[in-house]
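Architecture at a glance
Each chain, letter by letter, is given below.
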Amino acid sequence: MTQEENNLVIAAQNGDRSAFEELVYRYDKNVLGIAYSFMNNNEDAKDIYQEVFLRVFKAIKKFEFRSEFSTWLYRITTNVCLTYRSQKKKYAYISLDEDSEEEDNKPRSLANTLTDDKTPDNDALDSEILTQIENGLGKLSPQQRLVFTMKHYKGYKIKEISTMMNCSEGTIKNYLFMATHRMRNHLKDFIDKG
Amino acid sequence: MVHQTYKEMIQLALLDELKDEELNKLHQHLMECNECQSEYDKLKKYYEIIEQNKTDEIDELFLLDARMQFRLKLDYDLSKQTIVEKIFISFRKNLWAYKKPAFGVAFSLIAGLFLGYLVFAPAGSVTISSLTENLGLTKGNSEIVNVQFVNSDSSNGEVEFAFDEIKRVKMKGKLNDPAIQKILANALVNEKNPGTRIQTVNALANQTMENNNTNPKVKAALITALKFDNNPAVRLEALKAILYLPYDNEINESLLYALEHDKNSGLRIAAINGLASAKLNGKSLGQEGMKVLNQKVKNDDNEYVRIRAASLLKEEKIQ
C-alpha cells in the first residue's frame, strides 16, 4: 500500500468523505466486476456493491493496516457475495431449462447483459453454450461459484483468492476442481464436439 | 504419482498455477500417458469454451450508475441517524473540546464550596453541644453576650475574657424522644421566661399524662419546678404533671414539700389533694407525711388545707 493510499485511509478514518470516495473509486470497478460475475445480474451486482462499500464506510475506523487495504476490501467483497447469494437462494434453483413466462425475473445471460450489441442473429451454438454455463454456475455452491468467477472471469491467482476468502490454497484448489468437474459435465456435449 | 494427481496438475497448468519444475514433470508424463494426454486435450477445450464466453469488463455507465446509487444510499443512511446518535457522535468527536469547560466548571464548583466553607463554617473555638449536633439541628447565627474580662491588664498586648455564645437553634421532634425531653427538662429548670417554662411544663404534662413518662430527668425537672420555681403557675402545672407519674417516695416527698413550704394556698390545696388521691389508692404518706399533716392541721392559714389535713391524718392513724 502506498503512502498516498495510507493517507487516504487515515483521512477516511477521521471522517473525510472525499478521501473515502477516492478510495472507493480506486477499487470499485473491480468490486462491481466480481459482484456482477458472481451474481450475473445488474441489480444484484449493484446491491452487493452498495453493501460492500457501506460496510467499508462503517468499519474503516477499525482498519488497523495489518493487511493491504485492497485485501481487506476484497475480503469484505467475497463475504458479502457469499452472504448475498445465501440470502437469495432463488438463484440456486433457477434453471433456464424450466419454462417461465416471467422473463423479467430471469437472470439475464452473461453475454446479453454486458454486450448489448448481441442480436438474435448470433450463433445458436454460442447461445446454447452460454445457457449451459449459466445453468452449471447456478448449481455450484456459493464458494465454488465464487472461486470459479474469481479465477476464470477475473483472473486472480489461487493464492490471491485464498487471501480474499481467508481460506488455504488447498481449499481454494478443491473448490476449483469441484467447480471444474461439474461445469465439464454441463458442457460435455460441446467439449466432445470439439 | 496417480493419474488423478496429474489430472489436477493439468488443471493447474492450464490456469498457469504450476511451478516450472512441476510443469516439466507434467509434460514428461503427458508424453508417456495417453489417458492423461486425452484429459489434457478435453480440459484445454473446456477452458477455451469458458474463456470464449467469459464476461466482458463492465462498462462505465454501469459503474457510474452503481456509484450514484451508492452515494444516495450512503447519504440516506447517514441522515437516518437519530438525534441521539448524532449528539453522541458529535460529543465523541469533540470530546477533548468539551473536556476543558467541563473541568473548568467542576473546578469552579469545588473551589466555591471550599471558599463557602471557609467563610461560613463555625470557628474552631465555637462549639455547640454534642446533643444538638447529633440531632441535626438547624444552625442559626450566634450571638456573643455577657462578655467578662478574666484579666483586664492588657499592658503586655494580650487580653483574656470569657463570653456566652448564644446560637439560635430550631428543632422539631417527638415528645417521647429522650433527647427532646432532655432539652425541655433543662428548659423547665433554667429558662428565665416564665411563659416558656409554663409551655414547657404543659408539654411535659401532656406527655407524662399520655405515656406515664418515667424519664428520670423529666421527673427530676418537674419536681424541681414544683419545689423551687418562683412562678406559681409553673409550680402548679409541674404538680399536675407529677400526679400523672407513678407514685413513689420522691413524688410523695415533693408533694409534702409543696404542702409544707409553698406560700400559694392553691398550690398547697393541689398538693394535699394529690396526697389524698394517693392515700385513696392505698399509698402510705409515711412518718414525714404525718408530721407535715399535723403541722398543717395546726397552723395552715387555709381552712380547706387544715380540714383536709385533719381528715388525712385521721385516715392514716386508722390504718
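Residues numbered from 1 in each chain as written. Chains lettered and ligands numbered in written order. Predicted model: local features only at pLDDT ≥ 70, side-chain atom pairs only at ≥ 80, totals over all residues.

Examining the overall build of chain A
The number of helices and strands found in chain A is eleven helices and zero strands. Going residue by residue from the N terminus, the α and β elements of chain A occur as α-α-α-α-α-α-α-α-α-α-α. Considering only residue pairs separated by 6 or more positions, chain A has 65% of its internal contacts joining residues 24 or more positions apart. (Helix = DSSP H or I, 4+ residues; strand = E, 2+ residues; numbered from the N terminus. Contact = placed C-beta atoms within 7 Å.)

Let's talk about the interface of chain A and chain B
Facing 31 residues of chain A, the contacting portion of chain B comprises 24 residues. Tallying contributions element by element places helix α3 (residues 42–59) of chain A first for the side of chain A that touches chain B, with seven residues. Partitioned by chemical class, the residues of the side of chain A that touches chain B number 17 nonpolar, eight polar and six charged. (Nonpolar A, V, L, I, M, F, W, Y, C, P; charged D, E, K, R; others polar.)

What to know about the nonpolar core
If you look at the biggest cluster of nonpolar residues, it comprises 50 residues, and the most contacted ones within it are L32, A35, I48, Y49, C81, V147 and I161 of chain A. It is helix α2 (residues 17–39) of chain A that provides the largest number of residues to this core, a total of ten residues. L243, L245, V292 and A309 of chain B belong to the second largest nonpolar core, which has 39 residues in total. (Core = buried A, V, L, I, M, F, W, Y, C linked by C-beta atoms within 7 Å. Buried ≥ 20, exposed ≤ 12 C-beta atoms within 10 Å, placed from the backbone.)

Some thoughts on helix α10 (residues 169–186) of chain A
In an α-helix there are 3.6 residues to a turn, and that puts residues three or four apart on one side. Residues and elements named next belong to chain A. With 18 residues, α10 extends 26 Å from end C-alpha to end C-alpha; this agrees with the ideal 26 Å at 1.5 Å per step. Burial in α10 covers these residues: I172, K173, Y175, L176, A179, T180 and M183. Along the long axis of α10, the arc covered by the buried residues comes to 160 degrees, so they all point the same way. Of the exposed residues in α10, those oriented more than 90 degrees away from the buried face are G170, H181 and N185. (Expected span 1.5 Å × (residues − 1). Arc of directions from axis to C-beta.)

Notes on the confidence of the model for chain B
Residues and elements named next belong to chain B. Counting all residues, the mean pLDDT for chain B is 80, and 85% of those residues have values of 70 or more. Taking the mean pLDDT of every element in chain B, the minimum, 46, falls on helix α7 (residues 130–134) and the maximum, 91, on helix α12 (residues 249–261). Taken together, the stretch residues 124–139 has pLDDT below 50 and engages in 14 contacts with residues farther than four places along the chain or on a different chain. For this predicted complex, the interface confidence comes out at an ipTM of 0.77, alongside a pTM of 0.48. (pLDDT = per-residue confidence, 0-100.)

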